Amino acid sequence: MRVNGQHFRTIWLQENSSIIKIIDQRFLPHQFIVKDLHTVEEVVLAIKEMQVRGAGLIGAAAGYGMYLAVLEAANAESFDLYLDNAAMQLRSARPTAVNPEWAVNRQLMAVGSEKAIEGKIRIAKQMAVVIADEDAASCQSIGKHGVSIIEAIAKKKKGET
């Protein structure tokens, strides 16, 4: 989407950093607030408090949350225990949603294929971006296919055929 001529996505990784940026959905459409998420706990809270809304976006947030979890786990006493705990927190942030579970499991599978911590970090980052990109592409496809339906409804309301 464009805001004041600038392109935005609902979630993205700040370039050359480990900061996840979101458009806080609670304030739309009246205010446009971009919020920084630095930790898994902040991502969990963003999901719980509905700062991110919609199945795909919640999944993308969980995917990015797992990237942050891998970064945090690299400094933990037990990498695997830390990562498992973070995965559990992200899955339970919105218990009725399917996408967080799917994204967390996808990240765990991807990261599990690598032995070195540096490789796990690289893979988790790549997978988080892939998950978010897939959601953005899906939303774009819905918009492209839906525009003709919206136009037809608008014409019908105006009395056109």
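Refer to the preceding data block for the structure.
Residues numbered from 1 in each chain as written. Predicted model: local features only at pLDDT ≥ 70, side-chain atom pairs only at ≥ 80, totals over all residues. Heavy atoms only, no water.

## As for the side chain of Gln-107
- With respect to the helices, strands and loops of the structure, Gln-107 is situated in helix 4 (residues 99-112).
- Overall, Gln-107 belongs to the buried group, its relative accessible area being 1%.
- In terms of polar contacts, Gln-107 uses its side chain to reach the backbone carbonyl oxygen of Ala-124, at 2.9 Å. (Helix = DSSP H or I, 4+ residues; strand = E, 2+ residues; numbered from the N terminus. Buried < 20%, exposed > 50% of the residue type's maximum accessible area, 1.4 Å probe, protein only. Polar contact = N/O pair within 3.5 Å; in protein donor to acceptor, adjacent residues only side chain to side chain.)

## Quick word on the environment of Leu-37
- By the element assignment, Leu-37 lies in strand 5 (residues 34-37).
- Judged by its relative accessible area of 2%, Leu-37 is buried.
- Sequence separation between Leu-37 and Tyr-64 is 27 residues; the distance between their C-alpha atoms is 9.7 Å.
- Not counting chain neighbours up to four residues away, the residues in contact with Leu-37 comprise Ser-18, Ile-19, Ile-20, Ile-22, Glu-42, Val-43, Ala-46 and Leu-68. (Contact = heavy atoms within 4.5 Å.)

## Overview of the pattern of salt bridges
- The final tally for this structure, using the stated rule, is 6 salt bridges.
- Between Arg-26 and Asp-24 there is a salt bridge; the shortest N-O distance is 2.5 Å.
- Overall, the relative accessible area of 34% leaves Arg-26 in the partly exposed class.
- Of the charged contacts, one joins Glu-49 and Arg-26 as a salt bridge, the two residues approaching to 3.5 Å between their closest N and O atoms. In this pair, Glu-49 is assigned in the loop between helix 1 (40-48) and helix 2 (55-73) and Arg-26 in the loop between strand 4 (20-23) and strand 5, connecting sequence segments 23 residues apart. (Salt bridge = Lys/Arg side-chain N within 4 Å of Asp/Glu carboxyl O.)

## A short note on the layout of surface pockets
- Taken as a whole, the largest pocket encloses approximately 340 Å³ of empty space.
- Taken together, 17 residues line the largest pocket, and the ones lying closest to its centre are Arg-9, Thr-10, Asp-135, Ala-136 and Cys-139.
- Within the residue set of the lining of the largest pocket, elements represented by two or more residues are helix 2 and helix 5 (117-158).
- Among the elements that take part in the lining of the largest pocket, helix 5 stands out by supplying 5 residues, more than any other.
- Residue composition of the lining of the largest pocket, grouped by class: 8 nonpolar, 6 polar and 3 charged. (1 Å grid on protein atoms, 1.4 Å probe; cavity = no way out; pocket = protein on both sides within 12 Å on 5 of 7 lines; lining within 4 Å. Points joined across faces, edges and corners; volume = space filled by probe spheres on them. Nonpolar A, V, L, I, M, F, W, Y, C, P; charged D, E, K, R; others polar.)

## So, the packing of helix 3 (residues 79-92) against helix 4
- Viewed as axis vectors pointing N to C, helix 3 and helix 4 meet at an angle of 160°, and their least axial separation amounts to 9 Å. As summarised for this structure, helix 3 and helix 4 are arranged roughly antiparallel, according to the angle between their axes. Between helix 3 and helix 4 lies a crossing whose hand is right-handed. Taken together, the residues of helix 4 that come into contact with helix 3 (itself represented by Leu-83, Ala-87, Leu-90 and Arg-91) are Pro-100, Glu-101, Val-104, Asn-105, Leu-108 and Val-111.
- Within the contact of helix 3 with helix 4, the residues separate by chemical class into 7 nonpolar, 1 polar and 2 charged. (Axes fitted to C-alpha atoms, helices over the stretch in contact; angles between N-to-C directions. Parallel < 35°, antiparallel > 145°, perpendicular 65-115°, else oblique. Left-handed = near helix turned anticlockwise from the far one by under 90°.)

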